[in-house]
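# Observations on the model geometry
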Amino acid sequence: MCGRIVQKSGPMDYVERIFPNLRQIFTDSAGPRYNIPPGTRPLTMHRLAGGFDVDRQWWTWRPSGSKYAMNCARLDKILGNKWPWKMLTGRGRILVPADGWYEWKPLGTGPKPPKQPYYIHAADNTPLLFAGLSNWRPGAETDEAHGFAIVTNDAAGGMIDVHDRRPVALPPDLAQQWMDPDCPTGEALALLERGLPETAFTWHPVRQEVGNSKYQLPDAIDPI
């Protein structure tokens, strides 16, 4: 599902995954974050105004007139050109860089079984580039009306034992195409089916404290 992400690397670590020789410096005063929930402003990367930029956007989008706020966008709904995602696929494609994300696995059965948090990240420990859809506008408020959602797909392989859904992470070359405003919508959507496979990831259980998004210590991602 992707309800919490980790952004412990610096902006340039993420940027250099896509543009190794980009002669532009991006800084961020917020520092590393080990437990980022929806309803906050993670780092994002995009070309929504033409040139490449790194900024902070609101993670959760509430379409105009909708009572629902969404932090994830299902791939099957996007590919099916379903409302509301069809409004964003042509003009709102962004990347959400991350070092990994958390999922919670139920332990046992029953109406409310306890859950074990897991940290999932790239097997080679490189930063990940999640596909996102945003309603960002130049000069607009950073709020739900102009927020974003992370694209998710069905999990497969061993990852399904942790959770049945996962974010769509694109390799650097496809990530660059995804946020290119000149890439036709149909071609961009086809990229979402070429994201990193489950074999590109590894995961391990982490401490229960990550259930509270205020827990921001570096040991949040350490295996237990």
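Residues numbered from 1 in each chain as written. Predicted model: local features only at pLDDT ≥ 70, side-chain atom pairs only at ≥ 80, totals over all residues. Heavy atoms only, no water.

### Things to note about the overall build of the protein chain
Counting secondary structure elements, the protein chain contains 4 helices and 12 strands. A globule of 224 residues ought to have a C-alpha radius of gyration of about 17 Å, and the protein chain, at 17 Å, matches this closely. For the C-alpha atoms alone, the extent of the protein chain along its principal axes is close to 45 × 40 × 35 Å. Sorting the 224 residues of the protein chain into buried and exposed places 47% on the buried side. When the accessible surface of the protein chain is split by element, carbon and sulfur atoms take 50% of a total near 10,700 Å². (Helix = DSSP H or I, 4+ residues; strand = E, 2+ residues; numbered from the N terminus. Rg over C-alpha atoms; globule rule 2.2 N^0.38 Å. Buried < 20%, exposed > 50% of the residue type's maximum accessible area, 1.4 Å probe, protein only. Areas by Shrake-Rupley, 256 points an atom, 1.4 Å probe, with all protein chains shown as cover.)

### A short note on the packing of aromatic side chains
All told, the structure shown has 8 aromatic pairs when counted by the stated rule. Aromatic side chains Trp101 and Phe130 sit 5.7 Å apart centroid to centroid with 80 degrees between the ring planes, which places their arrangement in the edge-to-face category. With Trp101 in strand 7 (residues 100–106) and Phe130 in strand 9 (residues 128–134), the pair connects residues that are 29 residues apart, well separated along the chain. In this structure Trp101 comes out as buried when scored by relative accessible area, which is 0%. Aromatic ring contacts, followed pair by pair, group Phe19, Phe26 and Phe52 into a single cluster. Positioned over the ring face of Trp178 is Arg93, at 5.7 Å from the centre of the ring. (Phe/Tyr/Trp six-rings, centres within 6.5 Å; stacked < 30°, edge-to-face > 60°. Lys NZ or Arg CZ within 6 Å of the ring centre and 35° of its normal.)

### Describing the environment of Lys67
Along the polypeptide, Lys67 turns up in the loop between strand 4 (53–56) and strand 5 (72–74). Taking the relative accessible area as the measure of exposure, Lys67 reaches 65% and is therefore exposed. Linking Lys67 and Phe148, residues 81 residues apart in sequence, is a C-alpha distance of 16 Å.

### As for the pattern of salt bridges
If you walk through the whole model with that rule in mind, you get 7 salt bridges. For Asp180, the salt bridge identified is with Arg47, shortest N-O distance 3.4 Å. Here Asp180, found in the loop between helix 3 (172–178) and helix 4 (185–191), pairs with Arg47, found in the loop between strand 3 (43–46) and strand 4; they are 133 residues apart in sequence, far enough to count as distant. The class of Asp180 is partly exposed, set by a relative accessible area of 22%. Assessed through its relative accessible area of 25%, Arg47 is described here as partly exposed. Among the ionic pairs, Arg62 bridges to Glu144, the shortest N-O distance being 2.7 Å. A residue pair is termed long-range when its members are at least 10 positions apart, and Arg62 in the loop between strand 4 and strand 5 and Glu144 in the loop between strand 9 and strand 10 (148–154) qualify at 82 residues. (Salt bridge = Lys/Arg side-chain N within 4 Å of Asp/Glu carboxyl O.)

### Quick notes on the pairing of strand 7
Strand direction decides the pairing type here: strand 1 (residues 4–7) and strand 7, joined by 3 bridges, are antiparallel. Bridge pairing in strand 7 links Ile5 to Trp101. Sheet analysis places strand 7 next to strand 8 (residues 115–122), joined by 6 bridges and oriented antiparallel. By the bridge assignment, Glu103 is partnered in strand 8 with Tyr118. (Pairing = 2+ DSSP bridges.)

### Notes on the environment of Glu144
You can call Glu144 partly exposed: its relative accessible area is 27%. Once the C-alpha coordinates of Glu144 and Tyr118 are considered, the two residues, 26 residues apart in sequence, prove to be 28 Å apart. If we ignore the near neighbours within four places in the chain, the residues touching Glu144 are Trp58, Thr60, Trp61, Arg62 and Ala69. Separated by 2.7 Å, the side chains of Glu144 and Arg62 make a polar contact. (Contact = heavy atoms within 4.5 Å. Polar contact = N/O pair within 3.5 Å; in protein donor to acceptor, adjacent residues only side chain to side chain.)

### Here we look at the sheet that holds strand 2 (residues 33–36)
One open sheet holds the 5 strands; their spatial order is 2-1-7-8-12, and the pairing between them is antiparallel. Of all the strands in the sheet, the pair left with one neighbour each is strand 2 and strand 12 (201–205). Put simply, the sheet's adjacent strands are angled 25 degrees from each other on average, direction ignored. (Axes fitted to C-alpha atoms, helices over the stretch in contact; angles between N-to-C directions.)

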